[in-house]
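If you want the building blocks of each chain, they are given just below.
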Amino acid sequence: MRFKRFGASLLVAGLALLGAAAPAMAHSELKSSDPARGASLATPPTQVKLTFSGPVTLADNPIQITGPENASWTVGRAEVAGTVVTAPVQAVGPAGEYTLRYKVTFDDSHAASGSVKFNLSAPVAAPSSQSQPSSQAQAPASSATPAPQADETAPEDLVPSWVWIVLAVAVVVAGLVVALRFTRRKD
């Protein structure tokens, strides 16, 4: 009789654990981007667009784009319309791989950051200004530094929620097996 109660208690605890973990799977995420992940562009975009699976608010400096040779694009003021974030951009730099980094907060207070890599097949010269000598116009592009990467957490680098759920179920099953062995030895 004690075994049945103990087994039922473990079963209820396991189901409660699974029920509590289900909301963790409901976190919003990046659904699509323009430019798309892995895209190869002949000309740079004039705006970037990020579409999320749920409404978001923006963090400070929410979008940064960096590339080869310390190229850093100028990103204008980002706007949010429900689940879509858009921002005007001014490209500068050589051909190669560029990384768009984003930081947002979802309605459930879950802060997220990630990145989207894409390629630019042709270099983009810095915009020329007739009022500045060419050496001054080149200075911002050559002194630009890429965004710090220490705090970047790309969605691909995070452990998915389902892994934690499977791990929790395995712990509950292991506890049940140990409990069964101890109760059988006492009988």
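None of the values given here were measured: they were computed from a predicted structure.

(A) Just the side chain of threonine 51, in detail. Note on placement: threonine 51 falls in strand S3 (residues 47-52). Each residue touching threonine 51, except ones within four places of it in the same chain, is listed here: Glu29, Leu30, Lys31, Ser32, Thr83 and Val84.

(B) Geometry of the sheet that holds strand S2 (residues 40-41). Strand order in this open sheet of four strands is S2-S9-S8-S4, and the pairing throughout is mixed. Taken across any chain shown, the strands that pair with only one partner, and hence form the sheet edges, are S2 and strand S4 (56-66). With seven bridges connecting them, S4 and strand S8 (residues 96-106) associate as antiparallel partners. Note that in S8 the partner of threonine 66 across the bridge is threonine 99.

(C) View of the nonpolar core. Formed by 26 residues in total, the largest nonpolar core has its most connected members in Leu50, Phe52, Ile63, Ile65, Trp73, Leu100 and Phe118. Within the residue set of this core, elements represented by two or more residues are S3, S4, strand S7 (84-90), S8 and strand S9 (111-120). When near neighbours in sequence (up to four residues on either side) are disregarded, leucine 100 contacts Val48, Leu50, Ile63, Gln64, Ile65, Gly114, Ser115, Val116 and Phe118.

(D) Up close: the packing of aromatic side chains. The final tally for this structure, using the stated rule, is five aromatic pairs. For the pair phenylalanine 52 and phenylalanine 106, a centre-to-centre distance of 5.7 Å together with 75 degrees between the ring planes defines the contact as edge-to-face. Taken together, the positions of phenylalanine 52 in strand S3 and phenylalanine 106 in strand S8 put the pair 54 residues apart, joining distant regions of the chain. Each member of the pair, phenylalanine 52 as well as phenylalanine 106, carries the same accessibility label: buried. On the basis of an interplanar angle of 65 degrees and a centroid distance of 5.8 Å, the ring pair of tryptophan 73 and phenylalanine 118 is categorised as edge-to-face. Placement of the pair is tryptophan 73 in the loop between S4 and strand S5 (74-75) and phenylalanine 118 in strand S9, with a sequence separation of 45 residues. Comparing tryptophan 73 with phenylalanine 118, the two get one shared label, buried. Here a set of aromatic residues connected by ring pairs shows up, and it is made of Phe52, Tyr102 and Phe106.

(E) Up close: the pairing of S7. Residues Val85, Ala87 and Val89 point to one face of S7 and are all buried, whereas Val84, Thr86, Pro88 and Gln90, pointing to the other face, are not buried. Where S3 meets S7, five bridges bridge the pair, whose relative direction is antiparallel. Along S7, the bridge assignment pairs leucine 50 with valine 85. Judged from the two bridges that link them, S5 and S7 form a sheet pairing that is antiparallel. The residue of S7 that forms the bridge with valine 75 is valine 89. Sheet topology places strand S6 (residues 79-81) next to S7; three bridges connect them, and they run antiparallel. Pairing of alanine 81 across the sheet is with valine 84, part of S7. From the end of S6 to the start of S7, which pair antiparallel, there are two residues, and glycine 82 there has a positive phi angle of about 70 degrees.

(F) Spotlight on the environment of proline 35. If you trace the backbone, proline 35 turns up in the loop between strand S1 (30-34) and S2. You can call proline 35 buried: its relative accessible area is 2%. Placed 82 residues apart in sequence, proline 35 and lysine 117 show a C-alpha to C-alpha distance of 8.7 Å. Leave out the neighbours within four places in its chain, and proline 35 touches Leu41, Pro45, Val48, Val116 and Phe118.

Rules behind the numbers
Residues numbered from 1 in each chain as written. Predicted model: local features only at pLDDT ≥ 70, side-chain atom pairs only at ≥ 80, totals over all residues. Heavy atoms only, no water. Helix = DSSP H or I, 4+ residues; strand = E, 2+ residues; numbered from the N terminus. Contact = heavy atoms within 4.5 Å. Pairing = 2+ DSSP bridges. Core = buried A, V, L, I, M, F, W, Y, C linked by side-chain atoms within 4.5 Å. Buried < 20%, exposed > 50% of the residue type's maximum accessible area, 1.4 Å probe, protein only. Phe/Tyr/Trp six-rings, centres within 6.5 Å; stacked < 30°, edge-to-face > 60°.

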